[in-house]
Amino acid sequence: MLLEARKFSDAENLLKSVSIEDYHRYPFPLLASTIEHCCCLEPKVIAKLFNLMLKVYSDNKKFGQVIETFDHMKNNGIEIDERTCTMHLLALKRKNQIRSSLEFFNLMIKSGVEVSVYSLTIVVDVLCETGEIKRCRELVQKMVTSGTKPNIVTYNVMINACARRWNFNELASILDLMKKEGEAFNVNTYKILVDGYTSFGKFQEAEKLILEMHHRDMKADTHMYNLILNGYCKLGLIDRAFSLFDKMTSRGVSSNVDTLWALINGICDAGKMEIAMVYVSKMQSKGIELDQVMFNKLIDGYCNKGMVDEAFELQLQMEMRGFDADTYKCCKIVGDLLKLKRFEEAKQLVNIMVRRGGSPEKLTTIDDGNLV
């Protein structure tokens, strides 16, 4: 036979043609009866054949026949391959068969199939996707007592579900279980937690995790630092942002445009324009030029500080780069220039706005030093 010759692919194709393509002629009860009355087959070969049938039915989405095959194997003492069951759980998950996944998993347990951590993790993922995190944790605790130890992937699935939903109470329970079972965080765990904490505004907690990574000789990536830096800057905690940036640099983590922009944005909001331009220079030294959003932010910062010369100069640089002028900011600069009786510069800026498509009726115009 094909199975005895280890020609598994040929055996699977043949079984598919009989059990799937010609199912009405060869329903499962007929195939099962035929196999069992074939005295020449050894028990191991029979087990392989039935497990192959289970796989073929699963691959072809004949989920009812999978249960029929499983029950027959259980009732007749035929060994069930746990890996085949795992693949069926994956098939059910891909088809969003949530209830069927849980029912099949429970069937595996009741039938005495030795459940692997891979099967457990699939079901954990299914439960987490439906938001049943507490039920998921309770299942994991139950499986621990039954001898199936979750791994870091299993825990990360649950942690990610909590972090995305800001379910910090359940997260604490999962982390306690993780600690009790002696499972340490990996880099992905830290990334999930930092993302979850920063999205909720827990920036100090996120920074503590990065420090913990450093003590464990794990390197936090630039994105993780950026999430915290951006949060500190939005809250106006510029000193904390500077401190974290210094630590980031000393730990050999490269900054990128998002890092520097977060700092520049926060510094502008704090009105510290001289320091902002220092970081602009750092950014440009990395070959990163100002874009339209950055120009407007810097101009806005200068306007708020009453630094009209710097705002005007940046507005001219925007024009040279071909960026669209912000009408409101241009009008603000024009107004400040007029107060200083710098009419030619004000007129120059109005002309820029008109060239960029501004409506003359809505813009301030200047004629011989007088507002018209």
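So, here is what we can say about the structure in this document. Everything quoted here is computed from the prediction, not taken from an experiment.

Reading guide: rules and limits
- Residues numbered from 1 in each chain as written.
- Predicted model: local features only at pLDDT ≥ 70, side-chain atom pairs only at ≥ 80, totals over all residues.
- Heavy atoms only, no water.
- Helix = DSSP H or I, 4+ residues; strand = E, 2+ residues; numbered from the N terminus.
- Contact = heavy atoms within 4.5 Å.
- Salt bridge = Lys/Arg side-chain N within 4 Å of Asp/Glu carboxyl O.
- Buried < 20%, exposed > 50% of the residue type's maximum accessible area, 1.4 Å probe, protein only.
- Core = buried A, V, L, I, M, F, W, Y, C linked by side-chain atoms within 4.5 Å.

Overview of the side chain of serine 101
In step 1: Considering the arrangement of structural elements, one finds serine 101 in helix H6 (residues 98–110).
In step 2: Apart from the residues lying within four places of it in its own chain, the contact partners of serine 101 are Leu89, Leu92, Lys93 and Val126.

Some thoughts on the side chain of glutamate 207
In step 1: Mapping glutamate 207 onto the fold places it in helix H12 (residues 203–215).
In step 2: Those residues in contact with glutamate 207 that sit more than four places away from it in its chain are Ile228, Tyr232, Leu244 and Lys247.

Examining the pattern of salt bridges
In step 1: Evaluated as defined, the whole model comprises 16 salt bridges.
In step 2: For the salt bridge of glutamate 129 with lysine 93, the shortest nitrogen-to-oxygen distance reads 3.5 Å. Here glutamate 129, found in helix H7 (residues 117–129), pairs with lysine 93, found in helix H5 (residues 82–94); they are 36 residues apart in sequence, far enough to count as distant.
In step 3: Exposure remark for glutamate 129: the relative accessible area of 45% places this residue in the partly exposed category.
In step 4: In this structure, aspartate 269 and lysine 297 form a salt bridge, with 2.5 Å as the shortest nitrogen-oxygen distance. With aspartate 269 in helix H15 (residues 257–269) and lysine 297 in helix H17 (residues 292–304), the pair connects residues that are 28 residues apart, well separated along the chain.

Some words on the nonpolar core
In step 1: Residues Phe70, Phe104, Leu263, Leu298 and Ile333 are the most contacted members of the largest nonpolar core, which totals 111 residues.
In step 2: Ranked by residue count, the leading element in this core is helix H9 (residues 152–165), at eight residues.
In step 3: Apart from the residues within four sequence positions on either side, phenylalanine 104 is in contact with Val66, Ile67, Phe70, Cys85, His88, Leu89 and Leu92.

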